[in-house]
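Structure assessment
Here is what each chain is made of, one letter per residue.
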Amino acid sequence: MVAVYQAPLTSEQVKQKALELGADLAGIADGAVMNDHPPDPEHPRRPSDLSDFDAGRVIVLARRLNLGTTRILPWDERHKYYNDELAITALEETALELVLWLEDQGYPALIVPPSHVDPWRYQGDPGEHRSPLLSLEHAAVEAGLGTLGLNLQLLTPRFGPRVTLSAVLCSAPLEPDGRMEQALCLGPSCGRCLLACPGDVIGHFARDWPACDRYRSPHGFAQLTEFLGRVIEEPGKEAQKKMLRSEESFNLWQSILRGSGVVTGCRRCQDVCPVGGDYEALLADALEEIPERTPEKEARLAAMEKEAAAGAEPPGYHAQRRWIGELPDREET
Ligand code: SF4
Ligand code: SF4
């Protein structure tokens, strides 16, 4: 009975529609495969946790970030936050239009946004790293859009890591895309993301996520609660008022208004990555030099290179190999 209202649909039609609606990249992952391979088995976040009926396929959408703001060097430039927030908003609209179109074809669908976290997992600690409902980076790899890099950021052949992601779940009988087998990341012999990272939070296929969050979300919930705590503790009403009128307070207010500086923030690791068809032609002239480079970071990278050359498998790579792919460094050994 229901099938009468379901138009025949191919994967190509769905991806073409996503591109027409504004996505720059689109791929389709198999929800059952993702259920069987949660990126963090101790805290699995699977498509089937989000919908019992409509999570058979995960359609992953990517929209590129502006290159003009990528060419601005300071990580904490508000133009960067604001432009990225607009890209997220535009992709959310694309995702919503795609959901409505799929439903017109007879397939109920829902959006998994990149920044919404599961409130049931919040433990009362604003500084704790909170993950979104589904890892869209891992979903993007399963959908054939790219592979993960040294700091576990998504790398794509066209735009490198300079994309924002969204996903649509539905159970239309669509042919899934295959994963890329070879890593796009150049490994520690590149290491530009590590050298540029202002928080120095990048390891060997690993990232200190809570430390990164202070930069990725510089005016987020942790900073808001810290600021308000300091206001409460400040003796004297005049001093409290002065804090409420301060630049820090102004930045928090601006960020709450639009989400820029909350759902967007540092992306120096994305800016400087040489992977992507856009890098050489449009970015290298501005980004080749890395002012955040230090002898300590260089020494750490050299140690990683030595480890890779000896054929050692760092724990971060072992845990994420499915999504990182086969590395050129390791193949040479
Ligand atoms: S977002 Fe910023 S702090 Fe986090 S890993 Fe990238 S460069 Fe480092
Ligand atoms: S900057 Fe280099 S090491 Fe880092 S993710 Fe990109 S290719 Fe890999």
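For the structure given in this document, a descriptive report is provided here. None of the values given here were measured: they were computed from a predicted structure.

Things to note about the site of ligand 1
- Around ligand 1, the neighbouring residues are Cys197, Pro198, Val201, Ile202, Arg207, Cys212, Tyr215, Arg216, Cys266, Arg268 and Cys269.
- Only α8 (209–216) and α12 (268–272) provide two or more residues apiece to the shell around ligand 1.
- For the shell around ligand 1, the element with the most residues is α8, which contributes three residues.

What about unusual backbone geometry?
- The phi torsion at Leu152 lies on the positive side, around 70°, for a residue other than glycine.
- As for its position among the elements, Leu152 is in the loop between β4 (147–148) and β5 (154–155).
- Relative accessible area serves as the criterion here: at 13%, Leu152 is assigned to the buried category.
- With a phi close to 55°, Phe205 is a non-glycine residue in the positive phi region.
- Of note, Phe205 is situated in the loop between β7 (202–203) and β8 (206–207).

What to know about the pattern of salt bridges
- Evaluation of the coordinates by the stated rule reveals 22 salt bridges.
- The salt bridge involving Glu142 is made with Arg179; its shortest N-O contact spans 3.9 Å. Note that Glu142 is positioned in helix α6 (residues 136–142) and Arg179 in the loop between β6 (163–170) and α7 (192–196), a separation of 37 residues in sequence.
- Between Arg267 and Asp271 there is a salt bridge, with the nearest N and O atoms lying 2.7 Å from each other.

Focus on the packing of aromatic side chains
- This model, assessed by the stated rule, comprises three aromatic pairs.
- With 5.6 Å between their ring centres and 55° between their planes, Phe205 and Tyr317 make a pair best called tilted. Pair noted here: Phe205 is in the loop between β7 and β8 and Tyr317 is in helix α16 (residues 315–324), with a separation of 112 residues, a long-range link. Accessibility assignment for this pair places Phe205 and Tyr317 in one class, buried.
- Consider the rings of Phe250 and Trp253, whose centres lie 5.8 Å apart with planes at 35°: the pair is tilted. Residue Phe250 and its partner Trp253 are both found in helix α11 (residues 247–258); the two are separated by three residues, about one turn of the helix.

Reading guide: rules and limits
Each chain has its residues counted from 1, following the order in which its sequence is written. Labels follow written order: the first chain is A, the first ligand is 1, and so on. In view of the model being predicted, local features appear only for residues whose pLDDT reaches at least 70, and side-chain atom pairs are presented and counted only at 80 or more, with totals across whole chains, interfaces and linings using the full set of residues. Each side-chain value is worked out from all heavy atoms of the structure, with water and hydrogens disregarded. Whether a residue is near a molecule or strand is decided by its heavy atoms; if any one of them lies within 4 Å of it, the residue is near. Put simply, DSSP marks the helices as runs of H or I at least four residues long and the strands as runs of E at least two long, and each gets a number from the N terminus on. To sort residues, take the accessible area from a 1.4 Å probe on protein chains only and compare it with the maximum for the residue type: under 20% means buried, over 50% means exposed, and anything in between is partly exposed. One speaks of a salt bridge when a side-chain nitrogen belonging to Lys or Arg is within 4 Å of a carboxyl oxygen belonging to Asp or Glu. Under the pairing criterion, centres of Phe, Tyr and Trp rings, with the six-membered ring standing for Trp, must be within 6.5 Å; the plane angle then separates stacked pairs below 30 degrees from edge-to-face pairs above 60, leaving the rest tilted.

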